[in-house]
Amino acid sequence: MRHDVRGNVTHNCSRTKQEVVRERLLKMFTFSLTFVRHGETQYNREKLLQGQGVDTLLSETGVDQAEAAGQYLKDIAFTKVFVSNLQRAVQTAEIILRNNTHCSGMEMVLEPLLRERGFGVAEGRHKEYLKNMANAAGQSCRDYTPPGGETLDQVKLRFKKFLKALFKQMMDEHLSSGPAASSGASASGVVAQGTAAVASDTPPRCSADDGLQGVLVHTLVVSHGAYIRVAIWHLVEDLNCALPAGAKMQQVFSPCPNTGISRFILTLSESESGPVLSAARCVFTNRKDHLENLTDGQ
């Protein structure tokens, strides 16, 4: 309290800077977002476009790739798993979860917003068919939209809708858990394996839990190559996601291999209009270390 000019007692309603900062921190929430592309299908092997109209299961190699990805990610306690409702993604997610130490039997959310880009009349045809159509239209293959297909902006809009719903769910479910959970002040739920910073001239070996130290909540998304590429582009270019030191843009935006893994650390804050992204960091993209021992891996 304080006294006014007449000597009366008044209450000091102003908050200190530290109190304001603390209040803001209590309304922030950090979580990890890990993307995995589905394993190989026979269509992938034959370089045929699948899109949304061709819905096939994994090839034998694709199953092996999914098993390898599952083993690689087995010690990460995913709290939410969102999966494209196309068979190749669902089968990949099932295998990953079956291998997971913490998540075996977890129910995954089948999300149509995570489906592959629609390629219209080019679906079921060889990639050269799409390339020839793009050349005839004077466009790059990536930017060209075949008749009946989705534009890149339409795919991005689907991802933005997914992010908006995900952000709201994350804040609704976890913000009330207290300051430790909101700020991600502990590494509970993640098995750390030699990732603490130490003085060494030897570059650290890539680990499955890279970027997860101090983060409590981990979300897994299993989707498709073209979709994930658009998602990464949106996170980096539109949402100003920070990239790893020394990262080359060509690698960041390169095509994702089957069961390639990408990870982002996202921090949300509360606003009058709902949750907003206040910070984003890319840990890695298109990692395929888990495929090294597969004779037919790609």
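So, here is what we can say about the structure in this document.

Parameters and conventions
- Residues numbered from 1 in each chain as written.
- Predicted model: local features only at pLDDT ≥ 70, side-chain atom pairs only at ≥ 80, totals over all residues.
- Heavy atoms only, no water.
- Pairing = 2+ DSSP bridges.
- Helix = DSSP H or I, 4+ residues; strand = E, 2+ residues; numbered from the N terminus.
- Contact = heavy atoms within 4.5 Å.
- Axes fitted to C-alpha atoms, helices over the stretch in contact; angles between N-to-C directions.
- 1 Å grid on protein atoms, 1.4 Å probe; cavity = no way out; pocket = protein on both sides within 12 Å on 5 of 7 lines; lining within 4 Å.
- Points joined across faces, edges and corners; volume = space filled by probe spheres on them.
- Nonpolar A, V, L, I, M, F, W, Y, C, P; charged D, E, K, R; others polar.
- Buried < 20%, exposed > 50% of the residue type's maximum accessible area, 1.4 Å probe, protein only.
- Arc of directions from axis to C-beta.
- Phe/Tyr/Trp six-rings, centres within 6.5 Å; stacked < 30°, edge-to-face > 60°.
- Lys NZ or Arg CZ within 6 Å of the ring centre and 35° of its normal.
- Expected span 1.5 Å × (residues − 1).
- Salt bridge = Lys/Arg side-chain N within 4 Å of Asp/Glu carboxyl O.
- Parallel < 35°, antiparallel > 145°, perpendicular 65-115°, else oblique.
- Left-handed = near helix turned anticlockwise from the far one by under 90°.

Quick notes on the pairing of strand E8 (residues 274-287)
And then number 1: Pairing of strand E7 (residues 261-271) with E8 involves 10 bridges; the strand directions are antiparallel. Each bridged residue has a counterpart across the sheet, and for Ser 271 the counterpart in E8 is Gly 274.
And then number 2: The loop that links E7 with its antiparallel partner E8 comprises two residues.

Observations regarding the sheet that holds strand E4 (residues 80-83)
And then number 1: Strands sit in the order E5-E4-E6-E3-E7-E8 across an open sheet of six strands; the sheet is mixed. Since the sheet does not close on itself, it has two edges, and those belong to strand E5 (109-110) and E8, each with one partner.
And then number 2: Relative to E7, strand E3 (residues 28-37) runs antiparallel, the two sharing nine bridges. Following the sheet pairing, Ser 32 is matched in E7 by Ile 265.
And then number 3: Here helix H8 (residues 225-238) sits on the sheet and contacts E3, strand E6 (217-223), E7 and E8; the angle it forms with E3, its principal contact strand, is near 150°.

Section: the layout of surface pockets
Empty pockets left among the atoms are what a rolling probe the size of a water molecule brings to light.
And then number 1: Considering only enclosed or pocket space, the largest pocket measures out at about 860 Å³ in volume.
And then number 2: Taken together, 29 residues make up the lining of the largest pocket; nearest its centre are Arg 37, Leu 49, Lys 127, Ala 226 and Pro 255.
And then number 3: Those elements giving two or more residues to the lining of the largest pocket turn out to be helix H2 (42-45), helix H5 (127-136) and H8.
And then number 4: Here the residues of the lining of the largest pocket are counted per class, giving 11 nonpolar, seven polar and 11 charged.

Some remarks on the environment of Thr 92
And then number 1: Among the secondary structure elements, Thr 92 is positioned in helix H4 (residues 87-99).
And then number 2: We classify Thr 92 as buried; its relative accessible area is 0%.
And then number 3: With 53 residues separating them along the chain, Thr 92 and Gly 39 place their C-alpha atoms 6.1 Å apart.

A short note on H5
And then number 1: Along H5, the residues classified as buried are Leu 130, Met 133 and Ala 134. Down the axis, H5 shows its buried residues gathered within 100° of arc, on one side only. Among the exposed residues of H5, those oriented more than 90 degrees off its buried face are Asn 135 and Ala 136.

Observations regarding the packing of aromatic side chains
And then number 1: This structure, assessed with the given rule, holds eight aromatic pairs.
And then number 2: For the ring pair Phe 31 and Phe 167, a centre distance of 6.4 Å and an interplane angle of 75° mean the geometry is edge-to-face. With Phe 31 in strand E3 and Phe 167 in helix H6 (residues 152-174), this residue pair connects regions lying 136 residues apart in the sequence. Considered together, Phe 31 and Phe 167 belong to a single accessibility category, that of buried residues.
And then number 3: Taking the centre distance of 4.4 Å and the plane angle of 45° together, the rings of Trp 233 and Phe 253 count as tilted. Within this pair, whereas Trp 233 is found in helix H8, its partner Phe 253 is found in the loop between helix H9 (249-252) and E7, the two being separated by 20 residues in sequence.
And then number 4: With a relative accessible area of 35%, Trp 233 lands in the partly exposed category.
And then number 5: An aromatic cluster of at least three residues, connected via ring pairs, comprises Phe 35, Phe 82, Phe 159, Phe 162, Tyr 227 and Phe 264.
And then number 6: Directly above the ring of Tyr 129 sits Arg 125, whose terminal nitrogen or CZ lies 4.2 Å from the centroid.

With respect to H6
And then number 1: Counted at 1.5 Å a residue, the expected span for H6 with its 23 residues is 33 Å, and the 32 Å between its end C-alpha atoms agrees.
And then number 2: Turning to H6, its buried residues number three or more, namely Leu 152, Val 155, Arg 158, Phe 159, Phe 162, Leu 163, Leu 166, Phe 167, Met 170, Met 171 and His 174.

Looking at the pattern of salt bridges
And then number 1: Across all of its chains, the model carries 10 salt bridges by this definition.
And then number 2: The salt bridge partner of Lys 80 is Glu 173, with a shortest N-O separation of 3.5 Å. Residue Lys 80 is found in strand E4, and its partner Glu 173 is found in helix H6; the two are separated by 93 residues along the sequence.
And then number 3: A relative accessible area of 36% places Glu 173 in the partly exposed class.

As for the packing of helix H3 (residues 60-72) against H4
Packed helices, taken two at a time, are described by the angle their axes make and the gap between the axes.
And then number 1: Running from N to C, H3 and H4 point in directions that differ by 40°, and their axes come no closer than 8 Å. Considering their axes alone, H3 and H4 lie oblique with respect to each other. Remark: the crossing between H3 and H4 carries right-handed chirality. Touching Val 63, Ala 66, Glu 67, Ala 69, Gly 70 and Gln 71 of H3 are Gln 91, Thr 92, Ile 95, Ile 96, Arg 98 and Asn 99, all from H4.
And then number 2: Here the residues of the contact of H3 with H4 sort into five nonpolar, five polar and two charged.

So, unusual backbone geometry
And then number 1: The phi dihedral of Asn 240 is positive, around 55°, even though this residue is not glycine.
And then number 2: Its location among the elements puts Asn 240 in the loop between H8 and H9.
And then number 3: Given the relative accessible area of 64%, Asn 240 is considered exposed.
And then number 4: For Thr 259, which is not a glycine, the phi torsion comes out positive at approximately 60°.

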